[in-house]
Every structure is written in C-alpha cells, then in structure tokens.
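Here are the chains, one letter per residue:
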Amino acid sequence: MIASHGVTSSPPPSKNFERFTIRTMNANAQQIKLSLVSVVIFLLAAQIVPAAISLAAQSSKPAACSASEYHQFDFWVGDWDSFEIGSSAKDAHIRVDRILEGCVLREDYQGANGHKGQSLSIYDASRKLWHQTWVTNRGELLEIDGRLQSGEMVLSGSDLNPPGERREVRGVWKPVEGGVRETAATSLDGGNTWQPWFDLMFRPHSSAAAESREASPPDDAKTVAALDTQFQAAVKANDVATIDRLLPDHYILVGSSGKTFTKADLLEEARSATMHYEHQEDTEQTVRVWGDTAVITAKLWAKGTENNKAFDYTLWFSDTYVRTPQGWRYTFAQASCPLPKTP
C-alpha cells in the first residue's frame, strides 16, 4: 500500500498479538513481585535466624545461681513467727524470700518491741562461702561468713559492742521439726569462751486468732528460768539490745541499800561499760509459779571491776515475772546485802 507523502506503512497489529503482549507484560510483573517478596523474606530471615539461634543458645545456658550451693540455705525461706525457746510469746514476724533471680535471700525482721532489721545472704562462689549482712533501725551492722556444716548453716564474724569492745559473734541455723531454729553466741576474748546471746524457734506464721488459741507452755517454770539466765548473761556482756528486749519499760530493781534502778538506768550502765564482769552467774536457782506470777530466787556471784575498781561479792536476789499477752515479762527485782565471805 502506498500512503501519502511517499511513506510505506505497516499493517495494523492484530488482536491476538495485543493479547500476547499483555500476557507477557503481566507475567513479567508477577516475576518482579515474586522477586521482591523473595528479597524481603531473605532479609527478614537474615535478621530472625541469628536472633533465634542466640536466644536458643541463651536458653540452653544454666541460670547464674542454679548450682546446689546457692540453695543450701533454702530451708530458711518462708513466712515465720519467731519465739524464744521455752516461750509462747511471739518475738517477731519474719519473712525470708529469694530475690535477684534466686541468687539472694532477703530477710525482713519486724520485732514485737519495735526492733526492725533486714539481712541479705548470698553464696559467694569466689570464696566458696556464705555471706550475710545485717542492718537495723537502731544503727546496728553485722557481717558474718560461713558454710553449711552437717546440715546446719554456721556463720560468724565480729563487731563492736556499745562500749567499743571487739565482739565475736556466731550464729547457727538448722531445720527442725516444725520450722527452723537459730541460736547465737558472743565472745569477748577472741573466741576462747562463749556466752549465749539468743535461742529462737521459727514457726510458720499464724494469724492473731490462731495465736490466741495456742495453749500455754507446758512448763512455765522452765520458761521463766531460761529468761532469767539469759538476762544475767546479757548483764555480764553489757548487751544493750538483749537487756532492752527483755525488760519492760516499768521494770524496777531495788538494791540492798534501798536505792531503786529503772530500765533506763540499766541500759545506761551497759552502754557506758563502767562494769566489767569476770563472773555474773547464779546458782541454787528456784522458780515458784502462782498463776500468772512467777518468782525466782537464786544466789548470784558477781566479780569484776567498776570504774577500774575491783569487786567480788555473792548475794541473794528475787526476780518477779508476770505473764502478759506478750509472754512472761521481768517486772521487779530485789537484791540482798552481800553475803559474808566464807573463811
């Protein structure tokens, strides 16, 4: 066909050719989309797979404190009420729980007399020792170390008592039927001799209603005798904290001269450490109980120095205890004149 202007033109494309061209373009577009999707999937996989491998590797690693040594003290974990051995009066409410992913035991101590404290205990793998740090609302600090020995956790250390003397301290925790028992002793001569500090029984915490239904201790005489012996040991050691815990605010002591002393007087004497005892023990102890009142009579031997002046005497004393909702409380004491020296 000859067109105008002398230019030869091609025949118009057929409809079949147009459909083929469209199908080809669509196929190419789909291939491009699939390629883009593949690239996106590849990039995601490049990020996800290493992360998954890393998480799997981390999950396969044991926890930091999963070794058995870190769980030697787990028998102390719980919600407890503490009692002086031989007493039905609750001394404190104590919670011990695991913190920091099970690596640390935290103790929260709420004493019935307002004494509050907290301790942190941890197994120090570098030294292969247990360590405990104890602090209170009375400015007290104690750090002790030790090991599990024959099923008992034995921790020891030293601090300064109120007079500024170096005092060795040893605490022992052991699981027993019905709870955990903790005993403590102190020494002022580098561990050559030890004096009992306290003896506590931890029992599962009970509500006030349950506590009110608890029976009285089967032997009140033993309870009172143990409290009095503990008080004499505290006086000998100038142990302010124990004297404060054992004596009610209305306590009165009448001396052989008729002079009276209050709880505050005895605490001040212990803080000042004007008295240094070599002996402060009683013998011939007798306990008589009448209902909610108990009286102890005993012979006391006291020997030591007061303001660097020596003393050595023996006397009789009578101590009166009264049963209260908080247990037996030491309320009144009277001392005799020093007994004549035996030839």
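Quick summary incoming for the structure in this document. Please read these numbers as outputs of a predicted model, since none were measured by experiment.

### Some remarks on the overall build of the protein
Item 1. When you go through the protein residue by residue, the secondary structure sums to five helices and 16 strands.
Item 2. Each of the 343 residues in the protein was classed as buried or not, and the buried ones make up 34%.
Item 3. Counting only contacts in the protein whose residues sit at least 6 apart along the sequence, the fraction spanning at least 24 positions is 42%.
Item 4. When the accessible surface of the protein is totalled, it reaches about 20400 Å², and 58% of it is carbon and sulfur.

### Remarks on helix H5 (residues 263-272)
Item 1. Restricting attention to buried positions, one finds in H5 the residues Lys263, Leu266, Leu267 and Ala270. Take H5 and look down its axis: the buried residues cluster within an arc of 100°, on one side only.
Item 2. Capping of H5 at its N-terminal end is provided by Thr262; its side-chain oxygen lies 3.3 Å from the backbone amide nitrogen of Ala264.
Item 3. Positive phi shows up at Ala273, right after H5, with a value of about 55°.

### Structural notes on the packing of aromatic side chains
Note on aromatic pairs: each is described by the distance of the centres and the angle between the planes.
Item 1. The tally for this structure, following the rule as stated, stands at 16 aromatic pairs.
Item 2. Summarising the aromatic geometry, the rings of Tyr251 and Tyr330 are spaced 4.9 Å apart at their centres and angled 70° between planes, so their arrangement reads as edge-to-face. A residue pair is termed long-range when its members are at least 10 positions apart, and Tyr251 in the loop between helix H4 (240-246) and strand S11 (252-254) and Tyr330 in strand S16 (residues 327-335) qualify at 79 residues. With respect to burial, Tyr251 and Tyr330 carry one shared label: buried.
Item 3. Grouping aromatic residues by their ring pairs yields a cluster made of Tyr70, Phe73, Phe75, Trp76, Trp80, Tyr123, Trp130, Trp173 and Phe202.
Item 4. Sitting over the ring of Phe83, Arg203 keeps its end group 4.7 Å from the ring centre.

### Some points on the side chain of Thr136
Item 1. Mapped onto the elements of the fold, Thr136 is located in strand S5 (residues 129-136).
Item 2. A relative accessible area of 14% means that Thr136 is categorised as buried.
Item 3. Looking at Thr136, its side chain comes within polar contact range of the main-chain nitrogen of Arg138, at 3.0 Å.
Item 4. Apart from the residues lying within four places of it in its own chain, the contact partners of Thr136 are His115, Lys116 and Gly117.

### Thoughts on helix H3 (residues 220-236)
Item 1. Helix length check: H3, at 17 residues, gives a terminal C-alpha distance of 25 Å against a target of 24 Å (1.5 Å per residue), a fit within 8%.
Item 2. Burial runs high along H3: 13 of the 17 residues are buried.
Item 3. Backbone geometry just downstream of H3 places Asn238 in the positive-phi region, at approximately 50°.

### A short note on the environment of Tyr277
Item 1. Relative to the elements of secondary structure, Tyr277 occurs in strand S13 (residues 275-290).
Item 2. Owing to a relative accessible area of 16%, Tyr277 belongs among the buried residues under this scheme.
Item 3. Along the primary structure Tyr277 and Lys236 are separated by 41 residues, whereas in three dimensions their C-alpha atoms are 5.5 Å apart.
Item 4. Sequence-distant contacts of Tyr277, defined by excluding residues within four places in its chain, comprise Val235, Lys236, Glu269, Ala302, Lys303, Gly304 and Phe311.

### Quick word on the pairing of strand S9 (residues 179-187)
Item 1. Counting buried positions over the nine residues of S9 gives seven, a clear majority of the element.
Item 2. Hairpin connection from strand S8 (residues 166-176) to S9: two residues lie between these consecutive antiparallel strands, with Gly178 at a positive phi of about 90°.

### Some remarks on the sheet that holds S5
Item 1. Taking strand neighbours around the barrel as the criterion, the 10 strands line up as S1-S2-S3-S4-S5-S6-S7-S8-S9-S10 in a closed arrangement whose pairing is antiparallel. Each adjacent strand pair in this sheet contributes to an overall mean axis angle of 25°, direction not counted.
Item 2. Sheet topology note: the strand S1 (residues 78-84)/strand S10 (residues 195-204) ladder contains five bridges and is antiparallel. Bridge pairing in S10 places Asp81 opposite Arg203.

### A short note on the state of the cysteines
Item 1. On inspection of all chains with the given rule, the structure shows one disulfide.
Item 2. One disulfide in the model links Cys65 with Cys103; its S-S distance is 1.9 Å. Taking the sign of the torsion about the S-S bond as the criterion, the disulfide between Cys65 and Cys103, at about 100°, is right-handed. Residue Cys65 is located in the loop between helix H1 (15-60) and S1, and its partner Cys103 is located in the loop between strand S2 (90-99) and strand S3 (104-111); the two are separated by 38 residues in the primary sequence.
Item 3. For Cys65, a relative accessible area of 11% translates into the label buried.

### A short note on the pattern of salt bridges
Item 1. Applying the stated criterion across every chain yields a total of 17 salt bridges.
Item 2. Glu281 is the salt-bridge partner of Lys236, the closest N and O atoms lying 2.8 Å from each other. Taken together, the positions of Lys236 in helix H3 and Glu281 in strand S13 put the pair 45 residues apart, joining distant regions of the chain.
Item 3. Judged by relative accessible area, Glu281 falls into the partly exposed class, the value being 31%.
Item 4. When the shortest N-O distance is used, the salt bridge between Lys299 and Glu284 registers 3.2 Å. Of the two residues, Lys299 is situated in strand S14 (residues 293-306) and Glu284 in strand S13; the sequence distance between them amounts to 15 residues.
Item 5. Judged by relative accessible area, Lys299 falls into the partly exposed class, the value being 23%.
Item 6. By relative accessible area, Glu284 is classed as partly exposed at 49%.
Item 7. Several salt bridges converge on common partners, so that one network encompasses Arg138, Asp244, Asp249 and Lys263.

Cut-off values and rules
Residues numbered from 1 in each chain as written. Predicted model: local features only at pLDDT ≥ 70, side-chain atom pairs only at ≥ 80, totals over all residues. Heavy atoms only, no water. Helix = DSSP H or I, 4+ residues; strand = E, 2+ residues; numbered from the N terminus. Buried < 20%, exposed > 50% of the residue type's maximum accessible area, 1.4 Å probe, protein only. Contact = heavy atoms within 4.5 Å. Areas by Shrake-Rupley, 256 points an atom, 1.4 Å probe, with all protein chains shown as cover. Arc of directions from axis to C-beta. Polar contact = N/O pair within 3.5 Å; in protein donor to acceptor, adjacent residues only side chain to side chain. Phe/Tyr/Trp six-rings, centres within 6.5 Å; stacked < 30°, edge-to-face > 60°. Lys NZ or Arg CZ within 6 Å of the ring centre and 35° of its normal. Expected span 1.5 Å × (residues − 1). Pairing = 2+ DSSP bridges. Axes fitted to C-alpha atoms, helices over the stretch in contact; angles between N-to-C directions. Disulfide = S-S within 2.5 Å. Salt bridge = Lys/Arg side-chain N within 4 Å of Asp/Glu carboxyl O.

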